[in-house]
Amino acid sequence: MNTSAPLLSTQALAIGYTGRNQRKRSVAESLALDLWPGQLVCLLGPNGAGKSTLMRTLAGLQPPLSGQILLNGQPLANFNPTELAQRLSLVLAERVEAGNLSVHELIALGRTPHTGWLGKLTESDLAQVQKAITATGTQKFAYRRIHQLSDGERQKVMLARALAQDTNLILLDEPTAHLDLPNRVEMMRLLHQLTRQTQKAILLSTHELDLALQMADKLWLLDAQGNMAVGAPEDLVLSGMFEATFAKAGFYFDRTTGAFMMHPDEQGPAISLLGDERLLFWTRRALQREGFRISQENSVATVDATYQNGNAVWRCEQTDRASLFVSIENLLHALKSLTDER
Ligand SMILES: Nc1ncnc2c1ncn2[C@@H]1O[C@H](COP(=O)(O)OP(=O)(O)OP(=O)(O)O)[C@@H](O)[C@H]1O
């Protein structure tokens, strides 16, 4: 495979919708994007930003408002549906009605672009199907009917079908939406491995900011105004672009911990906090949730969180007394009574 050229690129692409009166409603414009072999790219953005619109446009399911999409250097519109399906697989967020098909039959449909509608599956096709089933952990229910699956199981089957299709480019719209945390991590890891082992390019849209920050080679950050920022996750965090894309009143992105946090109450009583780094992180969160400020200035108490003989202990010191607590719950209880007294 030629790794010196992008599998997909866009030039001055505008995406959106054309109304009945032919009036265009643009969702994003001037998009210059590319997807390279061996890359896992996560498309992130708030609700309604245009992630699905972009996915559908890149997959040729809806026309661009203007601009170009090039697949393997050729305009997307030049490919007929079979040629397109040999190069690009797409899993949409919407539920697919699969009639009475079994899981195995649906996954095997992924081979259709390579065999033709009436084509018989060869041994190598069946091996490809089996590989996709094993990779996605769908063997446990491979002979069940699609309508007998949970949403999470169905989502894995749709990924398996895309893997069976064995295209160089895979587009996935919210592939982890119905999965529990271990399965989400597992799927992201699988996709990451695939890019490394097979040089496929994978673009997925997701609301899993945390996982995307950890796993993606590149982020495409689409904000609510249709502005796109592209870069390595860490660069986008450090530049503040990541935070800006999801900015909303009431919380902020902590660049040190990589987590979204609620804004602390600036009016609450102050607690001076010191001690072990890990304990500090969780103690700060609990105190802020209860409306305390973390500050040495005018503090009503000093809390020192440390490990003693392997156990977490919080020493709370006020002007006239000091107490020891062995849980955050008890510490909070005492601090709330203290501030209620005042
Ligand atoms: N068929 C349609 N016709 C007109 N406008 C649409 C259509 N589908 C979506 N939109 C609008 O286009 C914008 C982008 O929608 P899109 O579904 O692409 O967002 P998204 O980023 O995928 O959102 P979410 O995170 O909520 O899934 C929204 O303002 C939406 O209301």
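An unreviewed UniProt entry annotates the protein as ABC transporter ATP-binding protein of Spirosoma terrae. Entered under Function (unreviewed entry) in the UniProt record, the comment concerning the protein runs "Part of the ABC transporter complex HmuTUV involved in hemin import. Responsible for energy coupling to the transport system."

**Student:** Looking at this structure, I do not really get the sheet that holds strand β11 (residues 228–231). What am I missing?
**Tutor:** In sheet architecture, strand pairing relies on hydrogen bonds along the backbone and comes in two forms, parallel and antiparallel. In space, the six strands of this open sheet follow the order β7-β8-β9-β4-β10-β11, with mixed pairing throughout. Whereas interior strands pair on both sides, the edge strands pair on one side only; in this sheet they are β7 (88–91) and β11. Between one strand axis and the next, the sheet turns by 15 degrees as a mean value, whatever way the strands run. Inspection of the sheet shows β7 paired to strand β8 (residues 169–173) by four bridges, in the parallel sense. Following the sheet pairing, V91 is matched in β8 by L172.

**Student:** Hey, could you run me through the site of the ligand in this one?
**Tutor:** In the vicinity of the ligand, the residues found are Y17, V27, G45, N47, G48, A49, G50, K51, S52 and T53. Element by element, the count of residues in the shell around the ligand is highest for helix α1 (residues 51–58), at three residues. In the shell around the ligand, the residues fall into three nonpolar, six polar and one charged.

**Student:** Please explain the environment of A93 as it appears in this structure.
**Tutor:** Secondary-structure assignment places A93 in the loop between β7 and α3 (103–109). Classification of A93 as partly exposed rests on a count of 16 C-beta atoms within 10 Å. As a C-alpha pair, A93 and M158 span 65 residues in sequence and 9.9 Å in three-dimensional space. With residues up to four places along the chain from it excluded, the contact list for A93 reads S52, D173, E174 and A177.

**Student:** Before we go on, may I ask you to explain the packing of helix α5 (residues 123–136) against helix α6 (residues 151–165) in this structure?
**Tutor:** When two helices pack together, their arrangement is given by the angle between their axes and by how far apart the axes lie. Between α5 and α6, the least distance of the axes is 8 Å, while the angle of their chain directions is 140 degrees. In the crossing of α5 with α6, the sense of the turn from one axis to the other is right-handed. Only K156, L159, A160, L163 and A164 of α6 make contact with α5, whose side of the interface consists of Q128, V129, A132, I133, A135 and T136. Within the contact of α5 with α6, the residues separate by chemical class into eight nonpolar, two polar and one charged.

**Student:** Teacher, can you tell me more about the domain arrangement of the protein here?
**Tutor:** Accessible area lost when the parts come together is the quantity often used to give the size of an interface. Once the domains are mapped, the protein shows domain 1 (1–87 + 167–253), domain 2 (97–166) and domain 3 (270–340). Inter-centroid distance (C-alpha atoms) of domain 1 to domain 2 is 24 Å. Facing the 12 residues of domain 1 at the interface are 10 residues of domain 2. Looking at side-chain class alone, the side of domain 1 that touches domain 2 contains six nonpolar, five polar and one charged residues.

**Student:** Would you explain helix α11 (residues 277–289) in this entry?
**Tutor:** Between the first and last C-alpha of α11 there are 19 Å, a value that for 13 residues agrees with the 18 Å anticipated at 1.5 Å per step. By the burial criterion, the buried members of α11 are L279, T283 and L287. Along the axis of α11, the buried positions cluster into a sector of 55 degrees, meaning they face one direction only. In this structure, α11 carries E277, R278, W282 and R289 as exposed residues pointing more than 90 degrees from its buried face.

What counts and how
- Residues numbered from 1 in each chain as written.
- Predicted model: local features only at pLDDT ≥ 70, side-chain atom pairs only at ≥ 80, totals over all residues.
- UniProt positions renumbered as here; feature names shortened; annotations may be inferred.
- Pairing = 2+ DSSP bridges.
- Helix = DSSP H or I, 4+ residues; strand = E, 2+ residues; numbered from the N terminus.
- Axes fitted to C-alpha atoms, helices over the stretch in contact; angles between N-to-C directions.
- Near = placed C-beta within 6 Å.
- Nonpolar A, V, L, I, M, F, W, Y, C, P; charged D, E, K, R; others polar.
- Buried ≥ 20, exposed ≤ 12 C-beta atoms within 10 Å, placed from the backbone.
- Contact = placed C-beta atoms within 7 Å.
- Left-handed = near helix turned anticlockwise from the far one by under 90°.
- Domains from an automatic or database assignment.
- Expected span 1.5 Å × (residues − 1).
- Arc of directions from axis to C-beta.

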